[in-house]
Each structure stands twice: as structure tokens, then as C-alpha cells.
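Each chain, written out:
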Amino acid sequence: QVQLVESGGGLVQPGGSLRLSCAASGNIFSSDVMGWYRQAAGKQRELVAQIGIGGSDWYESDVKGRFTISEDNAKNTVSLQMYNLKPEDTAVYYCNVWRRQNGGLNINYWGQGTQVTVSS
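Note that the coordinates shown come from a computational prediction; the quantities given were computed from them, not determined experimentally. (Residues numbered from 1 in each chain as written. Predicted model: local features only at pLDDT ≥ 70, side-chain atom pairs only at ≥ 80, totals over all residues. Heavy atoms only, no water.)

### Quick look at the overall build of the protein chain
Along the backbone of the protein chain there are 0 helices and 11 strands. Secondary structure of the protein chain in N-to-C order comes out as β-β-β-β-β-β-β-β-β-β-β. Rg of the C-alpha trace for the protein chain: 14 Å, near the compact-globule value of 14 Å for 120 residues, within the 12% margin. Summarising its shape, the C-alpha atoms of the protein chain cover approximately 45 × 25 × 25 Å along the three principal directions. Across the 120 residues that make up the protein chain, the buried fraction comes to 41%. For the protein chain, the accessible area works out to roughly 6600 Å², and carbon and sulfur atoms hold 46% of it. Where the 10 positive side-chain charges of the protein chain centre and where its 10 negative ones centre are 2 Å apart. (Helix = DSSP H or I, 4+ residues; strand = E, 2+ residues; numbered from the N terminus. Rg over C-alpha atoms; globule rule 2.2 N^0.38 Å. Buried < 20%, exposed > 50% of the residue type's maximum accessible area, 1.4 Å probe, protein only. Areas by Shrake-Rupley, 256 points an atom, 1.4 Å probe, with all protein chains shown as cover. Lys, Arg positive; Asp, Glu negative; His and termini not counted. Charge placed at Lys NZ, Arg CZ, Asp CG, Glu CD.)

### A word on the environment of Arg-45
With respect to the helices and strands, the residue Arg-45 is situated in the loop between strand 4 (33–39) and strand 5 (46–50). Sequence separation between Arg-45 and Arg-66 is 21 residues, and the spatial gap between their C-alpha atoms is 19 Å. Aside from chain neighbours lying at most four places away, what touches Arg-45 is Tyr-37, Arg-38, Gln-39, Tyr-94 and Trp-110. (Contact = heavy atoms within 4.5 Å.)

### As for the pattern of salt bridges
Scanning the model with the defined rule gives 5 salt bridges in all. Between Asp-32 and Arg-99 there is a salt bridge; the shortest N-O distance is 2.8 Å. Within this pair, whereas Asp-32 is found in the loop between strand 3 (18–26) and strand 4, its partner Arg-99 is found in strand 9 (residues 91–100), the two being separated by 67 residues in sequence. The same class applies to Asp-32 and to Arg-99, which are both buried. Salt bridges here are not isolated pairs; linked through shared partners, they connect Arg-38, Glu-46, Arg-66 and Asp-89. (Salt bridge = Lys/Arg side-chain N within 4 Å of Asp/Glu carboxyl O.)

### Regarding the environment of Arg-66
Within the secondary structure, Arg-66 is located in the loop between strand 6 (58–59) and strand 7 (67–71). Ignoring any residue separated from it by four or fewer positions in sequence, one finds Arg-66 in contact with Gln-81, Met-82, Tyr-83, Asn-84, Leu-85, Lys-86 and Asp-89. Here the side chain of Arg-66 touches Asp-62 through a polar contact of 2.9 Å, landing on its backbone oxygen. (Polar contact = N/O pair within 3.5 Å; in protein donor to acceptor, adjacent residues only side chain to side chain.)

### As for the state of the cysteines
Inspection of every chain in the model, using the stated rule, returns 1 disulfide. Here Cys-22 engages in a disulfide with Cys-95; their sulfurs sit 2.2 Å apart. Its S-S torsion of approximately -80° makes the covalent link between Cys-22 and Cys-95 left-handed. In this pair, Cys-22 is assigned in strand 3 and Cys-95 in strand 9, connecting sequence segments 73 residues apart. For the pair shown, Cys-22 and Cys-95 are each scored as buried. (Disulfide = S-S within 2.5 Å.)

### Considerations on the nonpolar core
Trp-36, Phe-67, Leu-80, Met-82 and Tyr-93 are the most contacted members of the largest nonpolar core, which has 28 residues in total. Contributions of two or more residues to this core are made by strand 1 (2–7), strand 3, strand 4, strand 5, strand 7, strand 8 (77–82), strand 9 and strand 11 (114–118). (Core = buried A, V, L, I, M, F, W, Y, C linked by side-chain atoms within 4.5 Å.)

Okay, structure coming up:
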């Protein structure tokens, strides 16, 4: 079983920076794909950034160049460094683990979320 706990959210002014962290515990596999999602009020949850298995990370177009995702070697910590934050970045941010399983099936693990509010 995997447990994910996010931290680092808060209130920040436009143009500010924030670093989110996700502490992962339990049975984390090297093949697990770590990522960050966010869900703004009244919106669907969307993938923001994801660690690529080959070392090439993926970013949602609106955050590309402003956000950076990283993880430690054991996948115990997944971080999202956010620069030049905008009001449109306001959302609850969720840590995610995607695990590929036999037969093409997969399973997702989620943290409880951390609120990021960008406002002056």
C-alpha cells in the first residue's frame, strides 16, 4: 500500500514562488510514475507534471517553463518547484503515483492535496 502526503501549499502573491513536496511511503516500485495534479474550484482535475520513465518529464503547457518536477532516487520524495505563479495556478495540488500492472491495467494512488492560492 502506498501513502502520499503533500505539503508546502499556501498563499502567495502573483509572481511568487512555492515548492510543494510529497512524502511517499509504503511499497514504492522503481517503475512507478510520479506526478502532480491540480484541481481548481469548479474544474476537473488535470495533470500538471509527471516524471518520465526515460528521464524526460512532461508538463502541462500552461506551466511549462515555470514549474519543475523532481524526485529522489528512492521515490520517497516528489517535489514541484513553482516559479512566477499566476492566479490561474490557484488549485488544490495532488501528488500522484501511477503504477502499471499486468494486462495493461494500472492503479493510481493519491495524496490528500495541498491548497495553493495565488492572489494579491
